[in-house]
Amino acid sequence: MMSFVSLLLVSILFPAIQAKQFTKCELSQVLKDMDGFGGIALPEWICTIFHTSGYDTQTIVNNNGGTDYGLFQISNKFWCKDDQNLQSRNICDISCDKFLDDDLTDDMICAKKILDKEGIDYW
Amino acid sequence: MRFREPLLGGSAAMPGASLQRACRLLVAVCALHLGATLVYYLAGRDLSRLPQLVGVPTPLQGGSNGAAAIEQPSGELRPRGAPPLPPLDASSELRSGRDSSPGEDSGPRPGSASNLTSAPVPATTAPPLPACPEESPLLVGPMVIEFNMPVDLKLVEKQNPEVKVGGRYTPKNCISPHKVAIIIPFRNRQEHLKYWLYYLHPILQRQQLDYGIYVINQQSKLKEELLSVICFLLSTYLLFCALHLLERERERERERERSAGLTPAVTAAAAATTAATLAGETMFNRAKLLNIGFQEALKDYDYNCFVFSDVDLIPMNDHNAYRCFSQPRHISVAMDKFGFSLPYVQYFGGVSALSKEQFLTINGFPNNYWGWGGEDDDIYNRLVFKGMSVSRPNAMVGKCRMIRHSRDKKNEPNPQRFDRIAHTKETMLSDGLNTLTYKVLDKERNPLYTKITVDIGTPS
């Protein structure tokens, strides 16, 4: 019965974990470092991210056989590794679910790599 | 209640204590799962449709009966006379205003009685009503919008006695040029709908609109629903058998031959419940529901204007007119979710209004946007390609509140939306009102709204 109770508790707590929903201002602060990177100004990043994930860090979308994670919708096809795609090239050398947390440092590092290799058209 | 014979043949036996414990745990989990499914099913599904599922022909739902069946579990709205209810005060103000306003109202009513006594003129020939003024004198301006109190639709019905069944209202004292059908795309958002009705009915009446409310509910295929009901019943039956076998086993101490029944029964029960919960729900298709709302509303009345509103958006200022203009109108321009400003200049989502001509010019809305996002951008593109522009109120008048909610299931962001928006110009001729197909499953006339449940198919 104890395992039952703990299972119940876990299932109750799970939906209580909320996504981090950035505001435009908050995001501008956090992404200051990306201003001008690869020729993309900060306002363009903010606009792109709005349409990509609506500033929601927990955005997960299935897309053409792959899955895109987080604010920048980084794909498990090449850039990160998850259970679905163990053969991923994993260029950013990171587990995909790290893109779902509130800490954007790892997201930004990977996004810069993507910008270098594929350009803004990735988004 | 006890059966005499074990229903699954053989008799229960306990091969080992650990297996016994495992089986018990599995049965308990199944029971919990079934209980949760049952609660979710009853809460989410519309019970008044059950006779139809079983094949009994239902008469058109009487307004109050249908509403009663749905609204039973809701809480009570206690009028405290405290600040949180200014719209309530406004609507009572409306009624008292009507009673005491000079000219139109006090004239005919007591007058007609005296007319009958003084002169034998047939009272049915009332003087023609004047046209409603360009801007309604009943507007109150900014309002406080909150979502922290429960709403009882029965009370809302009482607070809006002029609203006729199906959510129809026509101003009594003047003729309105705005015959507005308000179309709301809907799936499993009954709580939001209650707030919407609570706030919007008084506002729409103050705006002196000739309006009707149409809630278009996306439903999975009837077959899939029936299948999930069957699976549910089957799993309940199997679970009951499993429990019965366990009970029998507990009563008898001595061991018997292992029955074929117990473990497979429990497994089957678990499988059936899983199947029941997974049974068909397709991605939400907002724009197609709006197309359907357009067509279905026109069957009721010759509306000349269509307001398309998400169910969770409430205007904060009643000067924000829910009617049509010479250009397509964007109404939800300053949502709290976007910091009370436009997220981007071409934004056309949330609440918008198109006249019948404007809607027909763009061949209605696209039918192929499944999942969240993009369809409003496609609509914007259509307008622009047909030479129209978007008309908006200013950001003060256009403030709106959105009811906070977590992301819906089966309404994940549509990854195709960016490609699709890039091709609106080509697709708008072949995807829209002219290619709309759907099936109406149910049409409910509730006191405050008309609810049309439709089967819109699946992504092709």
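Residues numbered from 1 in each chain as written. Chains lettered and ligands numbered in written order. Predicted model: local features only at pLDDT ≥ 70, side-chain atom pairs only at ≥ 80, totals over all residues. Heavy atoms only, no water.

As recorded in an unreviewed UniProt entry, chain B goes by Beta-1,4-galactosyltransferase and comes from Canis lupus familiaris. The record held by UniProt for chain B lists under Sequence similarities (unreviewed entry) the comment "Belongs to the glycosyltransferase 7 family." Quoted verbatim from the Subcellular location (unreviewed entry) heading of the UniProt record, the comment on chain B is "Golgi apparatus membrane". (UniProt positions renumbered as here; feature names shortened; annotations may be inferred.)

An unreviewed UniProt entry annotates chain A as Lactose synthase B protein originating from Canis lupus familiaris. UniProt, in its Subunit (unreviewed entry) section for chain A, records the words "Lactose synthase (LS) is a heterodimer of a catalytic component, beta1,4-galactosyltransferase (beta4Gal-T1) and a regulatory component, alpha-lactalbumin (LA)." Of the comments in the UniProt record for chain A, the one headed Subcellular location (unreviewed entry) reads "Secreted".

Chemist: Hey, could you go over the pattern of salt bridges for me, with residue numbers and the actual values?
Modeler: For the structure shown, the criterion picks out 17 salt bridges over all chains. With a closest N to O distance of 2.7 Å, Asp33(A) and Lys112(A) form a salt bridge. Here Lys112(A) lies in helix H4 (residues 105-118) and Asp33(A) lies in the loop between helix H2 (24-30) and helix H3 (42-53), a separation of 79 residues in the sequence. Taking the shortest distance from any N to any O, the salt bridge between Glu134(B) and Arg323(B) comes out at 3.7 Å. Of the two residues, Glu134(B) is situated in the loop between helix H5 (108-118) and helix H6 (153-159) and Arg323(B) in the loop between strand E4 (313-315) and strand E5 (329-330); the sequence distance between them amounts to 189 residues. Taking relative accessible area as the criterion, Glu134(B) reaches 71% and is therefore assigned exposed. Each member of the salt-bridge network shares a partner with another, and the members are Glu296(B), Lys299(B), Asp300(B), Lys443(B) and Arg445(B). (Salt bridge = Lys/Arg side-chain N within 4 Å of Asp/Glu carboxyl O. Helix = DSSP H or I, 4+ residues; strand = E, 2+ residues; numbered from the N terminus. Buried < 20%, exposed > 50% of the residue type's maximum accessible area, 1.4 Å probe, protein only.)

Chemist: Give me the lowdown on the state of the cysteines, citing residues and values where you can.
Modeler: Residues and elements named next belong to chain A. Enumeration according to the criterion identifies 4 disulfides over all chains in this entry. Across the disulfide from Cys-80 sits Cys-96; the S-S distance is 1.9 Å. The S-S bond linking Cys-80 to Cys-96 shows a torsion near 95°; that makes this disulfide right-handed. In this pair, Cys-80 sits in the loop between strand E3 (74-75) and H4 while Cys-96 sits in the loop between E3 and H4, placing the two residues 16 residues apart along the sequence. (Disulfide = S-S within 2.5 Å.)

Chemist: Pulling in residues and values, what's your account of the sheet that holds strand E8 (residues 399-402) of chain B?
Modeler: Residues and elements named next belong to chain B. Spatially, the 3 strands line up as an open sheet ordered E4-E8-E6, and their pairing is mixed. With one partner strand each, in any of the chains shown, E4 and strand E6 (334-335) form the two edges of the open sheet. Looking at chain direction, E4 and E8 are connected through 3 bridges and run antiparallel. Across the sheet, the residue bridging to Leu-313 is Met-402, located in E8. (Pairing = 2+ DSSP bridges.)

Chemist: Lay out the UniProt feature "domain: Glycosyl hydrolases family 22 (GH22)" (unreviewed entry) in chain A with the relevant residues and their values.
Modeler: Feature annotation in UniProt assigns "domain: Glycosyl hydrolases family 22 (GH22)" (unreviewed entry) to the following positions: residues 92-110 of chain A. Between the end C-alpha atoms of residues 92-110 of chain A the distance is 6 Å, and the span holds 32% helix and 0% strand.

Chemist: Describe unusual backbone geometry, listing the residues and the values that go with them.
Modeler: All names here are of chain B. Non-glycine residue Phe-340 carries a positive phi angle of around 55°. You can see Phe-340 is positioned in the loop between E6 and strand E7 (351-355). For Asn-363, which is not glycine, the phi torsion reads 60° and is therefore positive. Topologically, Asn-363 is positioned in the loop between helix H11 (356-361) and helix H12 (375-385). Classification of Asn-363 by relative accessible area gives buried; the value is 13%.

Chemist: Please provide a residue-by-residue account of the interface of chain B and chain A, values included.
Modeler: Between chain B and chain A, the residue contacts involve 12 residues of the former and 12 residues of the latter. Summed over both sides, the interface between chain B and chain A buries roughly 1000 Å², with carbon and sulfur atoms accounting for 70% of that surface. Linking chain B with chain A are 0 salt bridges, by the criterion used here. Applying the counting rule to chain B against chain A returns 1 residue pair in polar contact (both at pLDDT 80 or more). Broken down by secondary-structure element, the contributors of at least two residues to the side of chain B that touches chain A are helix H1 (17-44) and helix H13 (417-421) of chain B. Per element, the largest residue contribution to the side of chain B that touches chain A is 4 residues, and it comes from H1(B). Classifying every residue of the side of chain B that touches chain A by side-chain character gives 10 nonpolar, no polar and 2 charged. (Contact = heavy atoms within 4.5 Å. Buried area = accessible area lost by both parts, 1.4 Å probe. Polar contact = N/O pair within 3.5 Å; in protein donor to acceptor, adjacent residues only side chain to side chain. Nonpolar A, V, L, I, M, F, W, Y, C, P; charged D, E, K, R; others polar.)

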